[in-house]
Amino acid sequence: MKRLLLLFGLVLYGVSASSQDLDTSMLQGKWKLKSYDAIENIRLSEAYRTASPQAREGMDRKIDRFIANTFYHFTSTDSVNYTDLSDGSVVQRKATYRVKEGKLLVIHSEGKKEDKKATMLELTPDHLVLSPIGKAGENKGKMVLKRIE
């Protein structure tokens, strides 16, 4: 009986710990992309490894440009400015955001057909870890951002 109660207590604790919301007040500020594991998957892919040196160099330039130019600036409880790549150009975008169910970040840009969505996996004063959600609802790796202001 004691084991059953202990097991029930551990399960209850686990459920309550996993359902706790992140402190989204820490989201405000400027964030820069530090790493994105989906990029490493590209570099490990057969297409990348077997590409010509010139093609790999072109892919590396795009990857480096993406990492160097990805910023998010959450300016208030519902406003965000961010950079995006559009047809190879870096574009500044203004949007609104909301956090649903404590961990789902939804960014809505005027003129865009679909919202950007990501699961916030971790949020500390210095780090933000996002898992972007694709159109079909699948997670697309982990983006690690570092606070710059």
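Counting restarts for each chain: residues are numbered from 1 in the order of the written sequence. Residues qualify for local features only when their pLDDT is at least 70, as the model is predicted, and side-chain atom pairs are given and counted only at 80 or more; totals for whole chains, interfaces and linings, by contrast, use all residues. To get the side-chain values, all heavy atoms of the structure are used, and hydrogens and water are removed first.

> Explanation requested: the overall build of the protein chain in the structure shown.
The secondary structure listing takes helices from DSSP runs of H or I that are at least 4 residues long and strands from runs of E that are at least 2 residues long, numbered from the N terminus. Helix and strand counts for the protein chain stand at 4 helices and 8 strands. Moving toward the C terminus, one meets the helices and strands of the protein chain in the order α-β-α-α-α-β-β-β-β-β-β-β. Under the scheme applied here, a residue whose accessible area is under 20% of the maximum for its type counts as buried, over 50% as exposed, and between as partly exposed, the area being computed with a 1.4 Å probe on protein chains only. Across the 149 residues in the protein chain, those meeting the buried criterion constitute 23%. Here, residues are in contact when the closest pair of their heavy atoms is within 4.5 Å. Taking the intrachain contacts of the protein chain between residues at least 6 apart in sequence as the baseline, contacts between residues at least 24 apart amount to 43%.

> Just to check I follow, could you spell out the pairing of strand E1 (residues 29-36) for this structure?
A regular strand places its side chains on the two faces of the sheet in alternate fashion. In this scheme, strands are said to pair when DSSP sees at least two bridges between them. Judged from the 4 bridges that link them, E1 and strand E2 (residues 71-74) form a sheet pairing that is antiparallel. Residue Trp31 lies in a different strand from E2, and its bridge partner there is Tyr72. In this structure, E1 lies alongside strand E8 (residues 143-147), joined through 5 bridges in antiparallel fashion. Note that in E8 the partner of Tyr36 across the bridge is Met143.

> In this structure, what is going on with the packing of helix H2 (residues 37-44) against helix H4 (residues 53-68)? I would like to understand it.
Between two packed helices, both the angle of their axes relative to each other and the distance between the axes serve to describe the pair. What counts as an axis is a line fitted to C-alpha atoms, over the stretch in contact for a helix, and the angles between N-to-C directions run from 0 to 180 degrees. Two elements in contact, H2 and H4, have axes separated by 12 Å at closest approach and are oriented at 175°. As judged from the angle between their axes, H2 and H4 are roughly antiparallel. In this structure, H2 uses Ile39, Ile42 and Arg43 to contact H4, whose residues at the interface are Asp60, Ile63, Asp64, Phe66 and Ile67. Classifying every residue of the contact of H2 with H4 gives 5 nonpolar, no polar and 3 charged. An angle below 35 degrees is read as roughly parallel, one above 145 as roughly antiparallel, one from 65 to 115 as roughly perpendicular, and any other as oblique. All amino acids are sorted into three groups, where Ala, Val, Leu, Ile, Met, Phe, Trp, Tyr, Cys and Pro are nonpolar, Asp, Glu, Lys and Arg are charged, and the leftover types, Gly among them, are polar.

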